[in-house]
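# Observations on chain architecture
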Amino acid sequence: MAKVKITGHASGTGVVTVTAPNTSTDRTITLPDSTDTLIGATTTDALTTRINGTGGRKNIIINGGMQVSQRGASFTGLTSSTFTLDRWQWSVNTGDTSTVSQSTDAPSGFGNSVKIEVTTADSSLDATDYAGIISTLEGQNLQSFGWGTASAEDVTISFWCKSSVTGTYASGIYSYGSSEWCTGTFTIDSANTWEYKTITIPAETTSSLPNSNGGGIEFYIRLAAGSSYSSGTPLTWGGSANLGAGISNNFITTTNATFYLTGVQLELGSVATDFEHRSYGEELALCQRYFERFDYDGGGVAGIAGQCHGANILYGALVYQPKRADPTVSTSTVSGSNFRVLHTGTVTNVASFAFNANRNCTRVGAFTGSGLTSGNAGIVDTGSSQGQYIDIDAEL
């Protein structure tokens, strides 16, 4: 019968033998010597990192697989910072115009990516220009970093990307605790080819992260940065010169340039592990803590039921996934029959809305101007109108 042998370092003695069924070949695990660690008290050795990665949630990024895009599939004509796919913001201060979209072009094991395309190039980068895609994370979810203490931990970024423009790009973290940036670089080696990248960000030991539902860190992929933001030293904590430290490429100045990104992971430790896949339903629920769209494309009940008060208003409530903070509520255009009140077999168009929102629900006033009967029940719907929505926004 075959055996598994766990053998000590060559300078030591002793063999522990464990019976190994269903194999005819011996298997030997040799423990490392004092210059290497198989498993130890820290989270930086390879085996401990792998074990930690298999138990509980390890990926701090939400929607790193770019599955969820409640606001739509494509965002065109972008010249300023704009939220796009859920939890991802196109962050830009340049002279270019871009399109950001959810794409099905993705490496093996992924179904989606975010695609960034330069539709009108910037002729040249000014010193204070920058462009990239960012995700801001709550401070109370980051206390395991231990930043600002002697036990502060490194964190590791990993992702898949491809671009039509080769060169050096940047990725890193802004800390709301220290108001400093730390950026590492990565290189697009081959144009239009999916490549896997990893960067380890050193622990920030001087300032703790806020323990609140506000911003803790900003994670970014930097596609462009002018000289004021790129002259810092990579992988050191410092001021705004580190925002794109070490970056060198012609992405923003190249018309029709493309950059794809997916499989974004941020985890404790100095070793990148396999991407943590979550179900679409779980990812959607995580995203809806920050933003939720009630989308009525094709018409339907708008989720608001209530009672008519007088002849011109229906009061009701809209219940949603609990939010990070009291949200802002907005709608698509309210005119004509885009939104209607159905009551006692009658349909009356909504002229305007008033919202009083908290983290769990919103009190809704649907104003019609006339046509309602006080005391009657009613619901708000969108009839056969296309593209109507109500947005509940508690983004960072």
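Preceding block: the structure.
Cut-off values and rules
Residues numbered from 1 in each chain as written. Predicted model: local features only at pLDDT ≥ 70, side-chain atom pairs only at ≥ 80, totals over all residues. Heavy atoms only, no water. Pairing = 2+ DSSP bridges. Helix = DSSP H or I, 4+ residues; strand = E, 2+ residues; numbered from the N terminus. Buried < 20%, exposed > 50% of the residue type's maximum accessible area, 1.4 Å probe, protein only. Arc of directions from axis to C-beta. Contact = heavy atoms within 4.5 Å. Phe/Tyr/Trp six-rings, centres within 6.5 Å; stacked < 30°, edge-to-face > 60°. Lys NZ or Arg CZ within 6 Å of the ring centre and 35° of its normal. Axes fitted to C-alpha atoms, helices over the stretch in contact; angles between N-to-C directions.

### Looking at the sheet that holds strand 5 (residues 82–83)
Two pairing modes exist for strands in a sheet, parallel and antiparallel, and in both the strands are linked by backbone hydrogen bonds. Spatial ordering of the open sheet is given by 5-6-9-14-11-12, a layout of 6 strands whose pairing is antiparallel. Looking at which strands have only one partner, the edges of the open sheet turn out to be strand 5 and strand 12 (180–188). Relative to strand 14 (residues 215–225), strand 11 (residues 167–175) runs antiparallel, the two sharing 6 bridges. Note that in strand 14 the partner of Y174 across the bridge is E218.

### Regarding helix 3 (residues 280–288)
All buried positions along helix 3 are accounted for by E283, C287 and Q288. Along the axis of helix 3, the buried residues cluster in a sector spanning 135°; they form a single face. Here the buried face of helix 3 lies against strand 16 (291–295).

### Here we look at the packing of aromatic side chains
Evaluated as defined, the whole model comprises 16 aromatic pairs. With a centroid separation of 5.0 Å and 55° between ring planes, the pair formed by F145 and W147 is classed as tilted. These aromatic residues form a ring-pair network of at least three members: F159, Y169, F186, F251 and F259. Here the guanidinium or amino end of R293 rests over the ring plane of Y389, the centre of that ring lying 3.7 Å away. The ring of Y315 is capped by R363, whose NZ or CZ atom sits 4.3 Å from the centre of that ring.

### Quick word on the sheet that holds strand 16
In space, the 3 strands of this open sheet follow the order 16-25-19, with antiparallel pairing throughout. The sheet terminates laterally at strand 16 and strand 19 (328–331), the two strands that pair on one side only. With strand direction ignored, the average angle separating the axes of adjacent strands in the sheet is 15°. Pairing analysis gives 5 bridges linking strand 16 to strand 25 (residues 389–393), with the strands arranged antiparallel. Each residue of the ladder has a partner; that of R293, found in strand 25, is D391.

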